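As a plain string of letters, each chain reads:
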Amino acid sequence: MLRHRAQRNQTLTLSDTERHELSAQLKFLKEPATREEIEDKILCQDVLKALPLIPEACADLLIIDPPYNHSISFGWSQFKQQQSSQYEEYLRTWLPQAVKLLKPNGSIYVCADWKSSASVQRVLEECGITLMNRITWQREKGRGAQRNWKNAMEDIWFGVRNPKDYYFDLESVKLRRHVKAPYRQDGQPKDWQQTEDGDKYRATCPPNYWNDCDPTNAMDDLVVPFWSMPENTDHPTQKPEKLIAKLILASCPKGGLVIDPFLGSGTTGVVARKLD
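Cut-off values and rules
- Residues numbered from 1 in each chain as written.
- Predicted model: local features only at pLDDT ≥ 70, side-chain atom pairs only at ≥ 80, totals over all residues.
- Heavy atoms only, no water.
- Pairing = 2+ DSSP bridges.
- Helix = DSSP H or I, 4+ residues; strand = E, 2+ residues; numbered from the N terminus.
- Axes fitted to C-alpha atoms, helices over the stretch in contact; angles between N-to-C directions.
- Parallel < 35°, antiparallel > 145°, perpendicular 65-115°, else oblique.
- Left-handed = near helix turned anticlockwise from the far one by under 90°.
- Contact = heavy atoms within 4.5 Å.
- 1 Å grid on protein atoms, 1.4 Å probe; cavity = no way out; pocket = protein on both sides within 12 Å on 5 of 7 lines; lining within 4 Å.
- Points joined across faces, edges and corners; volume = space filled by probe spheres on them.
- Nonpolar A, V, L, I, M, F, W, Y, C, P; charged D, E, K, R; others polar.

**Observations concerning the sheet that holds strand S7 (residues 175-178)**
Turning to step 1, where the next piece is worked out: Pairing in this open sheet of three strands is antiparallel, and the strands run S7-S11-S10 from one edge to the other. The open sheet terminates on both sides in strands that have one partner only, identified here as S7 and strand S10 (193-194).
Turning to step 2, where the next piece is worked out: Looking at chain direction, S7 and strand S11 (residues 200-204) are connected through four bridges and run antiparallel. Paired with Arg176 across the two strands is Ala203, which belongs to S11.

**Examining the packing of helix H7 (residues 241-251) against helix H8 (residues 267-274)**
Turning to step 1, where the next piece is worked out: Running from N to C, H7 and H8 cross one another at 60°; their axes reach a closest spacing of 9 Å. One way to sum up the angle between H7 and H8 is to call them oblique. Crossing handedness for the pair H7 and H8: right-handed. Where H7 approaches H8, its residues Glu241, Ile244, Ala245 and Ile248 are matched on the opposing element by Thr267, Thr268, Val270, Val271, Ala272 and Lys274.

**Focus: the sheet that holds strand S5 (residues 130-138)**
Turning to step 1, where the next piece is worked out: The strand order S12-S5-S6-S4-S1-S13 describes an open sheet built from six strands, whose pairing is mixed. Each end of this open sheet is capped by a strand with a single partner; those strands are strand S12 (209-211) and strand S13 (258-259).
Turning to step 2, where the next piece is worked out: Note: strand S4 (residues 102-112) against strand S6 (residues 153-160), six bridges, orientation antiparallel. Along S6, the bridge assignment pairs Val110 with Trp157.
Turning to step 3, where the next piece is worked out: Sitting on the sheet, H7 is in contact with strand S1 (59-64), S4, S5, S6 and S12, with an inclination near 155° to S1.

**Let's talk about the layout of surface pockets**
Turning to step 1, where the next piece is worked out: Here the second largest pocket defines a volume of roughly 250 Å³.
Turning to step 2, where the next piece is worked out: Together, 17 residues line the second largest pocket, and Ile135, Phe168, Pro206, Pro207 and Trp210 are the ones closest to its centre.
Turning to step 3, where the next piece is worked out: Residues belonging to the lining of the second largest pocket are distributed by class as follows: 14 nonpolar, two polar and one charged.

**Focus on the environment of Leu275**
Turning to step 1, where the next piece is worked out: Mapped onto the fold, Leu275 is located in the segment after H8.
Turning to step 2, where the next piece is worked out: The sequence separation of Leu275 and Leu249 amounts to 26 residues, and the corresponding C-alpha distance is 7.8 Å.
Turning to step 3, where the next piece is worked out: Look past the residues within four positions of Leu275 in its chain and what remains in contact with it is Ala245, Ile248, Leu249 and Lys254.

Structure representation (structure tokens):
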């Protein structure tokens, strides 16, 4: 179906011939697979059928952006809003199996909104995941509301299998903050550095609050406003590449394996490839 798209929309429209050629490159598991058989692949099938066929303890990182507890449809996929107890039962149909894919020192990030966040927390803990933090992402998107507050926040739960042994590369996600009143000691910069362009900055630990609307004076904050993503597609709940990049940079070593059971627009796969 032809439709008008914004100039920067990156959605690919395939011919029947291209569809046939592409489908031959997609992986469909019929029996238990090895890591080599799933590595660098898109598995195109029902997540409930695919997860049991993926080898356990193979993934360094799980990034999961499941359907939130809203009624929504996209393409041939539909999800109907449920009671919280029913939504938790839905999570239990696949989340425990997904957790089994993590290495003993692996990490997991699960996205949620205010309606689904408490359910995600409870089921993650049931699966033996130690929750390390809850990231709050304020995104510059969301419809205004006449008799309610605009919903512009999402949660990203960060958990690990073993809180005493997990990968986290702090240096790769530190933020550079502008220094407005640089202090010197014995003539040398104290707790700040200077770029070749003369900008003065201080490298700081990243917080668990990511704000698209106000980068809080950060020089190299990786998150960008949703509406300005150059990789925009028709997908209704697409995450920015730079948001996914922060998760991968922090929690997966080069050459590691990232699994996303709800691939959506393909963002996680694209970013994992870009970051090796």
